[in-house]
Amino acid sequence: MNLTNFRFEADSDGIATATWDMPGRSMNVITPEVMGELDQIIDAVVADEAIKGCVITSGKESFSGGADLTMLQGLRDLYVKLAKEKGEQVALQSFFDESRKLSLLYRKLETCGKPFAAAIHGVCLGGAFELSLACQYRVVSDDASTRVGLPEIKVGLFPGAGGTQRVARLMQTGDALQMMFKGEQVKPLPARNSGLVHAVAPRADIVQNARDWLKANPQATQPWDQKGFKLPSGKVHSPAGMQIWPPASAIYRRETNDNYPAARAILSAVYEGLQLPIDLALKVESRYFAKILRTKEAASMIRSLFVSMQELNKGARRPAEVPPSKLKKVGIVGAGFMGAGIAYVTALAGLDVVLIDRDIEAAEKGKAYSHKLVSDQIMKGRAKTADRDALLARITPSADYAALKGCDLVIEAVFEDPKVKAEVIAAVEAAVGPKTIFGSNTSTLPITGLAQTSQRPKNFIGIHFFSPVEKMLLVEVIMAKKTGDKALAMALDYVRAIKKTPIVVNDARGFYANRCVGNYLREGHLMLMEGIPPAMIEAAGKQAGMPVGPLSLNDEVAIDLALKIVKATKAQLGPEAIDPAQEKLLTEMVETHGRLGRKNRKGFYDYPEGGGPKRLWPGLADIVGGRLAPELVDMEELQQRLLVTQALEAAKTYEEGVVTDPREADVGSIIGFGFAPYSGGTLSFIDNMGAAAFVKLCEKLAKRHGERFKPNRLLKRMAKTGESFYGAAEKKAVA
Ligand code: NAD
């Protein structure tokens, strides 16, 4: 055998072990080479009479994250090329054959006549978990890091190497569908209890456990290859099946709003596959897989949520000539809502934190937030008491700016008031050395303006977090006019250290993310004032693919904050910069009715004191006046308005040079404010529709709903030339 990605050896009992350990990589992934070597291993196991069975395990800290998604992207490129050269039919056949190879390989493994067992420690996901599902036995370590699952749906795909069929033959159908729809990563015990794996053992014992099982079961075959095999939930067409399938379709709709072709394919592949013998069922799955792989949803999601995200995380925008920062100590000024969260994620990354507020009590309170968050983790079994002690020991609360001495980076999160910020900037600069970088977490004040009060504008940068800090993955890094490369490199090194994803934008009111999401809120407000029933507005937001409707979202971010922003915009840019209907709604909500949002349990919704589901506030009808009859409302147009207003704003930020890279606009929009993930993000949304069609839609909406939908110059030019955001970016990169 000619192996580079596996080590293969057999013991005196005739049990072979294939240890997957790819050279030069921290994590195993499925590549064409790995597939070729697995094929050789199966042949060798079959050919050698002395071998009774084979354990597959990993030589790395983790089993494997699954298939190399760029390999799948390559298949799509091959398809396009072949279609051009040899026609659609040949291209489709080749695409189907190629995209099925992994599935056929796994079927070969499970029917080769000798049993395989997977010994799993760490993550075992996607195509790697499908490999283990093809093994007759699976044992996982009882380690906290061990997870099995099929998360393909998260990048617009679905398990296409047998996963849909094997999981649905191991688990109750409802659980199998749920696991795949959500892309759940399952911990060891629930995995064993639901039938996904056979055993849980200490890490040091998993390989021996698998060997022992193979020795005891040399004739083992998969349950579905045995005569009389019964599906865990019974036949599809049976009284039991009728309890499962109609609700399954309803759950699918509820969870996806039919926006994710891959989720629909899971439903169909399982429904059809469970009525067929396994080989045919696998073929059905392959057909759906080939179809899904060619959808624009899969292409866009793989690009934004896998490829671009990795590139940004690895520092695509970092100035290469600046050596890596030796980041050890970070100062945070303002230990309020945001500062406390920033302190937590910074200490969690192993960095020392000095947490400053106006008095020591406030600083201590900020630190107490970290105590609460780790304690929650301990309760959930995700952290140990020792972790809490170590994390808290890294945070030093203080009211004395002198404690900031020696900080590599200081981030301010004090009140959103330029005067307060200016005082803080001066106090920090007096306390730290000339090399310390200063980051502001302001959400609305232009960074260039704040930097004017700084003695060291080169060191001054925006580091804009989203709330809640410990959950939100995005950090917007904002370049002021004079921000230098060292500040940018430090900000990006810091974001990387705290394991978040950065986008780098140029300075402007609202930067990037808040401008787009602000439009989403405004559109919801304006719809309400048009008399559209609020429940329909909320439903339209979700049907369009947003995580929550615009009114719910506004309740979360606070209605008084929205009013404050509208007032500030009016004061600075004049009355024509805002919409009077929106101003009226927000003013009445906040100033007349004291409705601030979830924080005082009174917003567009009422939040019952003792918990329970929130309900739309009936008083909305009085503010709005008349309400349109639901049958007069065009739901499709509501959805268009809610997405177009955000995508158009993104295109404007691109034209203005606020966002300079479509990858950042897309990734930022999905992880920053949940913009319809299936679209691949704000600019992919436009590219996928085509600039010409998008401009036409904007013009239609502008005619019906006002100037705010008028397409900008850039889009109109793109509509004429047929250019796309990614096409232009590629050209720029080549030039
Ligand atoms: P907050 O009111 O909860 O916290 C501000 C903290 O700053 C308070 O603890 C206050 O005592 C402290 N402070 C004020 N003046 C100070 C001074 N001179 N020295 C030291 N400490 C001082 O506010 P927040 O919501 O955490 O917002 C802080 C900043 O983060 C603002 O600039 C805001 O725009 C920005 N931001 C907020 C959000 C959000 O969702 N709340 C999101 C992104 C950015």
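Thresholds, definitions, all that
- Residues numbered from 1 in each chain as written.
- Predicted model: local features only at pLDDT ≥ 70, side-chain atom pairs only at ≥ 80, totals over all residues.
- Heavy atoms only, no water.
- Helix = DSSP H or I, 4+ residues; strand = E, 2+ residues; numbered from the N terminus.
- Rg over C-alpha atoms; globule rule 2.2 N^0.38 Å.
- Buried < 20%, exposed > 50% of the residue type's maximum accessible area, 1.4 Å probe, protein only.
- Contact = heavy atoms within 4.5 Å.
- Areas by Shrake-Rupley, 256 points an atom, 1.4 Å probe, with all protein chains shown as cover.
- Patch = residues over 30% accessible without salt bridge, like charges linked within 9 Å, V, L, I, M, F, W, Y side chains within 5 Å.
- Salt bridge = Lys/Arg side-chain N within 4 Å of Asp/Glu carboxyl O.
- Lys, Arg positive; Asp, Glu negative; His and termini not counted.
- Charge placed at Lys NZ, Arg CZ, Asp CG, Glu CD.
- Pairing = 2+ DSSP bridges.
- Axes fitted to C-alpha atoms, helices over the stretch in contact; angles between N-to-C directions.
- Near = heavy atom within 4 Å.
- Polar contact = N/O pair within 3.5 Å; in protein donor to acceptor, adjacent residues only side chain to side chain.
- Nonpolar A, V, L, I, M, F, W, Y, C, P; charged D, E, K, R; others polar.

Undergrad: Looking at this model, I keep getting lost on the overall build of the chain. Mind explaining?
TA: When you go through the chain residue by residue, the secondary structure sums to 30 helices and 21 strands. The C-alpha atoms of the chain give a radius of gyration of 28 Å, which matches the 27 Å a tight globule of 735 residues would have. Taken over the C-alpha atoms alone, the chain extends approximately 85 × 65 × 60 Å along its principal axes. Going through the 735 residues of the chain one by one, you find that 54% of them count as buried. In the chain, the proportion of contacts linking residues at least 24 apart, taken out of those at least 6 apart, comes to 73%. Of the roughly 31800 Å² of accessible surface on the chain, 54% is carried by carbon and sulfur atoms.

Undergrad: Just checking my understanding: could you explain unusual backbone geometry for this structure?
TA: The general pattern is negative phi for most residues beyond glycine and trans for most peptide bonds. A cis amide bond, omega -5°, links serine 467 with the succeeding residue proline 468. Tracing the backbone shows proline 468 in the loop between β17 (460-465) and β18 (474-479). You will see that arginine 601, though not glycine, has its phi angle at about 60°, which is positive. Here arginine 601 lies in the loop between α23 (580-592) and β20 (605-606).

Undergrad: Just to check I follow, could you spell out helix α27 (residues 682-689) for this structure?
TA: Each full turn of the α-helix corresponds to 3.6 residues, which orients residues three or four apart in the same direction. Counting buried residues along α27, 6 of its 8 residues qualify, which places the element largely inside the surrounding structure. Within the sequence span of α27, burial applies to Thr682, Leu683, Ser684, Phe685, Ile686 and Asp687. The secondary structure elements touched by the buried residues of α27 are α12 (296-313), α25 (635-655), α26 (662-673), α28 (691-705), α29 (713-721) and α30 (725-734). Remark: glycine 690 follows α27 within two positions and exhibits a positive phi of approximately 95°.

Undergrad: I'm lost on a positive patch on the surface in this one. Help?
TA: Among the surface-exposed residues, Lys187, Lys380, Arg382 and Lys471 lie close enough to one another that they form a single positively charged patch. In this fold, lysine 380 is placed in the loop between α14 (360-379) and α15 (385-393).

Undergrad: Just to check I follow, could you spell out the pairing of strand β8 (residues 137-141) for this structure?
TA: Here β8 lies mainly inside the structure; 5 of its 5 residues are buried. Side-chain alternation along β8 places Tyr137, Val139 and Ser141 on one buried face and Arg138 and Val140 on a second face that is also buried. With 4 bridges connecting them, strand β6 (residues 116-120) and β8 associate as parallel partners. From the neighbouring strand, alanine 117 faces β8, where its bridge partner is tyrosine 137. As judged from the 3 bridges shared by β8 and strand β11 (residues 199-201), these two strands associate in the parallel manner. Within the sheet, the bridge partner assigned to valine 139 lies in β11 and is alanine 199.

Undergrad: How should the environment of arginine 211 be read in this particular structure?
TA: In this fold, arginine 211 is placed in helix α8 (residues 206-216). Counting along the chain gives 93 residues from arginine 211 to alanine 118, while the straight-line C-alpha distance between them is 9.7 Å. Ignoring anything within four residues of it in the chain, the contact list for arginine 211 reads Asp11, Ile15, Thr17 and Val55.

Undergrad: Where do I start with the environment of serine 12 in this structure?
TA: Position of serine 12 among the secondary structure elements: in the loop between β1 (6-10) and β2 (15-20). Here the alpha-carbon distance between serine 12 and isoleucine 51, two residues 39 residues apart in the chain, equals 9.2 Å.

Undergrad: Help me out: how do you make sense of the sheet that holds strand β7 (residues 123-125) in this one?
TA: Strands in a sheet are paired, the pairing made by backbone hydrogen bonds, and the direction either parallel or antiparallel. The strand order β7-β9-β10 describes an open sheet built from 3 strands, whose pairing is mixed. The open sheet has two free edges, formed respectively by β7 and β10 (185-186), since each of these has just one partner strand. Where strand β9 (residues 147-149) meets β10, 2 bridges bridge the pair, whose relative direction is antiparallel. What sits directly across from glycine 149, in β10, is glutamine 185. This element, helix α4 (residues 127-134), spans β7 and β9 of the sheet and lies at about 85° to β7.

Undergrad: I would appreciate a short explanation of the site of the ligand in the present structure.
TA: Every one of the 22 residues lining the ligand counts as a neighbour, but Met338, Asp357, Glu416, Lys421 and Ser443 are closest to it. Within the side chain of aspartate 357, a nitrogen or oxygen atom sits 2.6 Å from an oxygen atom of the ligand. Note that an oxygen atom of the ligand is positioned 3.3 Å from one of the backbone N or O atoms of valine 414. Expressed as a share of its isolated accessible area of 840 Å², the protein-covered part of the ligand is 79%. For the shell around the ligand, the elements supplying multiple residues, two or more each, are α13 (337-348), α16 (418-431) and β17. With 3 residues, α16 is the single largest residue contributor to the shell around the ligand. When the residues that make up the shell around the ligand are grouped by side-chain class, the tally is 11 nonpolar, 7 polar and 4 charged.

Undergrad: What exactly am I supposed to notice about the pattern of salt bridges here?
TA: Opposite charge on two side chains permits them to pair, given that their charged atoms come into close proximity. This model, assessed by the stated rule, comprises 38 salt bridges. Linking arginine 598 and glutamate 556 is a salt bridge whose minimum nitrogen-to-oxygen distance equals 2.9 Å. Here arginine 598, found in the loop between α23 and β20, pairs with glutamate 556, found in helix α21 (residues 550-557); they are 42 residues apart in sequence, far enough to count as distant. Overall, the relative accessible area of 42% leaves arginine 598 in the partly exposed class. Here glutamate 556 falls in the partly exposed class, since its relative accessible area comes to 43%. The partner of lysine 567 in a salt bridge is glutamate 591, with the nearest N and O atoms 2.5 Å apart. With a gap of 24 residues between them, lysine 567 in helix α22 (residues 559-573) and glutamate 591 in helix α23 connect regions that are remote in the sequence. In this structure lysine 567 comes out as partly exposed when scored by relative accessible area, which is 39%. Residues joined by salt bridges that share partners form a network here, namely Arg107, Glu110, Arg166, Asp225 and Asp279.

Undergrad: Explanation requested: the sheet that holds strand β13 (residues 352-356) in the structure shown.
TA: The 8 strands lie next to each other as β14-β13-β12-β15-β16-β17-β18-β19, forming an open sheet whose pairing is mixed. Pairing within the sheet leaves two strands with one partner each, and these edge strands are β14 (395-398) and β19 (501-506). Going from strand to strand, the sheet's axes swing by 25° on average, the running direction of each strand aside. One ladder, built from 5 bridges, connects strand β12 (residues 329-333) with β13; its direction is parallel. Bridge pairing links glycine 331 to valine 354 in β13. Strand contacts of helix α18 (residues 485-497): β12, β15 (409-412), β16 (437-440), β17, β18 and β19, with the helix running at about 175° to β18, the strand carrying the most contacts.

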